[in-house]
Amino acid sequence: MFQPDLLKDRAIFLTGGGSGLGRSMAIHFAKLGARLFVVGRREEPLKATCDEIHRDGGAAAFATCDVRDYAAVETAFAAAELQFGEIDTLVNNAAGNFMARTEKLSSNAFNAVVGIVLNGTFHCTQAFAKRRIEKKLGGNILNITTTYAAANCGSGYVVPSACAKAGVLAMTTSLAVEWAKYHIRVNAIAPGPFPTEGAWSRLIPSKQFEEHAISKIPMKRFGKHEELTNLAAFLLSDMAEYINGECVVIDGSQWLRGAGEFNDLGLLPDAVWEQLEAVRPKK
Ligand code: HXC
Ligand code: NAP
């Protein structure tokens, strides 16, 4: 569907590029001609993503960086600029999430998720945009949210994520207006369930959970990574130049069927929660 050079000459800073949807987007964007700078906390998966891009003849580099740490984000941007010159595109994809009963959460647990999703997105967004604005260059930002981030929705059992993703959505729409004059577009994608190790291990941890999740999707299947990466490439491309402040849902109409993705966890008896909590890895 796309020209092979759709993203040619782009230099993209993408968070969480070592795994899951971030890895799939990085590889896809590189195939469309972009140069990728991927960040995350763990070196090994980032290196693996870059190795795969290099094997395909693309350009990629990485830095380890915890997006909760503003200084670390600044350092990573400096490294990205050293590597590729100007960075013209940002994809805020890194996230943290888990299911839990909210009354049992520690404040540290809440902060861990909000720190990654909301503060991390702000850190990268500001580090990116201030450079573009100072140099009078436009840019593109794409935020990966969730369907339960939408106003008047949220979801029980993933409250830190719901709060943080709603904040990211507000950041998306707010900055689309504020920074339009700088030619910086800000859009979002709200995916339904797409199989990834990171999401599945924390949110869909058994066949039973998986069957339940599929049963709620009118199309009766999960998303395919290429469906999301194609949408992301389109939104970042010049073909979408007049789309600004939009959040595109990609979920096989799951969201329309019933908001609040994890609300059915209310069906779990306490004994099952206790079993789940007993086996989760603890530091
Ligand atoms: C309750 C939990 C918990 C859980 C961790 N904590 N897991 N509390 N239930 N399942 C608590 C810890 O006990 C600790 O609190 C605090 O959270 C911080 O935990 P750490 O392990 O020290 O934090 P950290 O190493 O920074 O890890 C962050 C994380 C982790 C968010 C907790 O899960 C992570 O690294 N996630 C990254 C990848 C990820 O989550 N991917 C899924 C994205 S899917 P105390 O008080 O004990 O110190 C997604 C949307 C999917 O976002 C929606 C559709 C399917
Ligand atoms: P994933 O593989 O777990 O991706 C999360 C990525 O974020 C990891 O690569 C992780 O790398 C990185 N990350 C986490 N904390 C970080 C931190 N503090 N600093 C820097 N990087 C950090 O899960 P995924 O399913 O692909 O999720 C990708 C995005 O899609 C997320 O925004 C998620 O909310 C969204 N989403 C996913 C689904 C789904 O069904 N998969 C549905 C809706 C929305 P490190 O651990 O190495 O840091």
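Check the entry above for the structure.
Residues numbered from 1 in each chain as written. Chains lettered and ligands numbered in written order. Predicted model: local features only at pLDDT ≥ 70, side-chain atom pairs only at ≥ 80, totals over all residues. Heavy atoms only, no water.

A.B. asks: Please clarify how unusual backbone geometry should be interpreted in this entry.
C.D. replies: Trans peptide bonds make up the majority, and among non-glycine residues the majority have a negative phi. Even without being a glycine, Asp9 presents a positive backbone phi close to 75°. Positionally, Asp9 belongs in the segment before β1 (11-15). For Asp9, a relative accessible area of 54% gives the class exposed. Even without being glycine, Tyr157 reaches a positive phi, approximately 70°. Within the secondary structure, Tyr157 is located in the loop between β5 (139-144) and α5 (159-178). (Helix = DSSP H or I, 4+ residues; strand = E, 2+ residues; numbered from the N terminus. Buried < 20%, exposed > 50% of the residue type's maximum accessible area, 1.4 Å probe, protein only.)

A.B. asks: Whenever I open this one, the site of ligand 1 confuses me. Can you help?
C.D. replies: Surveying the vicinity of ligand 1 reveals 19 residues, the closest of which are Arg41, Asn97, Ser106, Asn108 and Arg202. Take Arg68: an N or O atom from its side chain is 3.0 Å from an oxygen atom of ligand 1. Note that an oxygen atom of ligand 1 is positioned 2.7 Å from one of the side-chain N or O atoms of Asn108. Contact with the protein chains hides 72% of the accessible area of ligand 1, taken as 1,100 Å² for the molecule alone. Contributions of two or more residues to the shell around ligand 1 are made by α4 (107-134) and α6 (197-203). The greatest single-element share of the shell around ligand 1, amounting to four residues, is contributed by α6. When grouped by side-chain class, the residues that make up the shell around ligand 1 number seven nonpolar, six polar and six charged. (Near = heavy atom within 4 Å. Polar contact = N/O pair within 3.5 Å; in protein donor to acceptor, adjacent residues only side chain to side chain. Areas by Shrake-Rupley, 256 points an atom, 1.4 Å probe, with all protein chains shown as cover. Nonpolar A, V, L, I, M, F, W, Y, C, P; charged D, E, K, R; others polar.)

A.B. asks: Whenever I open this one, the pattern of salt bridges confuses me. Can you help?
C.D. replies: Side-chain pairs of opposite charge can arise whenever the charged atoms involved come near each other. Going through the model one piece at a time under the given rule, you end up with 17 salt bridges. Here Asp9 and Lys8 are joined by a salt bridge, their closest N and O atoms 3.9 Å apart. A salt bridge links Asp56 to Lys31; the shortest N-O distance between them is 3.9 Å. Highlighted residues: Asp56 in the loop between α2 (43-55) and β3 (59-64) and Lys31 in helix α1 (residues 20-31), separated in sequence by 25 residues. The class for Asp56 is partly exposed, based on a relative accessible area of 47%. Since its relative accessible area comes to 53%, Lys31 is described here as exposed. Each of Glu74, Glu81, Glu86, Lys130, Arg131, Arg132 and Lys135 takes part in salt bridges that share partners, so that together they form one network. (Salt bridge = Lys/Arg side-chain N within 4 Å of Asp/Glu carboxyl O.)

A.B. asks: Sorry if this is basic, but what is going on with helix α8 (residues 225-236) here?
C.D. replies: Because an α-helix packs 3.6 residues into every turn, residues spaced three or four apart end up facing the same way. The end-to-end C-alpha distance of α8 is 17 Å, a good match for the 16 Å that 12 residues give at a rise of 1.5 Å each. Regarding α8, the residues found buried are His225, Leu228, Thr229, Leu231, Ala232, Ala233, Leu235 and Leu236. Against the buried residues of α8 lie α1, β4 (89-92), β5, β6 (184-191) and β7 (247-250). (Expected span 1.5 Å × (residues − 1). Contact = heavy atoms within 4.5 Å.)

A.B. asks: What exactly am I supposed to notice about the nonpolar core here?
C.D. replies: Proteins that are soluble and globular tend to have nonpolar side chains buried together. If you look at the biggest cluster of nonpolar residues, it comprises 31 residues, and the most contacted ones within it are Leu14, Phe29, Leu36 and Ile189. Listed by contribution, the elements that provide at least two residues to this core are β1, α1, β2 (35-40), α2, β5 and α8. In terms of nonpolar packing, the next biggest core, distinct from the first, is built from 27 residues, Ala80, Ala127, Leu175 and Val186 among them. (Core = buried A, V, L, I, M, F, W, Y, C linked by side-chain atoms within 4.5 Å.)

A.B. asks: Even after reading the chapter, I still don't get the packing of helix α3 (residues 70-84) against α4, so can you show me in this structure?
C.D. replies: Angle between the axes and distance between the axes are the two parameters that describe a pair of packed helices. The interhelical angle for the contact between α3 and α4, taken along N-to-C directions, is 45°, at an axis separation of 9 Å. On the basis of the axis angle, α3 is oblique to α4. Judged by the twist between their axes, the crossing of α3 over α4 is right-handed. Packed against α3, whose contacting residues are Tyr70, Val73, Glu74, Phe77, Ala78 and Glu81, the element α4 presents His123, Cys124, Gln126, Ala127, Phe128, Lys130 and Arg131 at the interface. For the contact of α3 with α4, the class distribution of residues is seven nonpolar, two polar and four charged. (Axes fitted to C-alpha atoms, helices over the stretch in contact; angles between N-to-C directions. Parallel < 35°, antiparallel > 145°, perpendicular 65-115°, else oblique. Left-handed = near helix turned anticlockwise from the far one by under 90°.)

A.B. asks: What should I look at first to understand the site of ligand 2 in this one?
C.D. replies: Around ligand 2 lies a shell of 27 residues, among which Ser19, Arg41, Asn93, Phe194 and Thr196 are the nearest. In this structure, Ser19 approaches ligand 2 through a side-chain N or O atom, which is 2.7 Å from an oxygen atom. Residue Lys165 places a side-chain N or O atom 2.8 Å away from an oxygen atom belonging to ligand 2. When the free accessible area of ligand 2 is taken as 870 Å², the share hidden by the protein chains comes to 91%. Going through the elements one at a time, α1 and α6 are the ones with two or more residues in the shell around ligand 2. Here the shell around ligand 2 gets three residues from one element, more than from any other, and that element is α6.

A.B. asks: Where do I start with α2 in this structure?
C.D. replies: Under the 1.5 Å per step criterion, the end-to-end length of α2 is 18 Å for 13 residues, consistent within 8% with the ideal 18 Å. Among the structural elements, α1, β2 and β3 are those in contact with the buried residues of α2. One or two positions beyond α2, positive phi appears at Gly57, with a value near 90°.

By themselves these figures say nothing about function.
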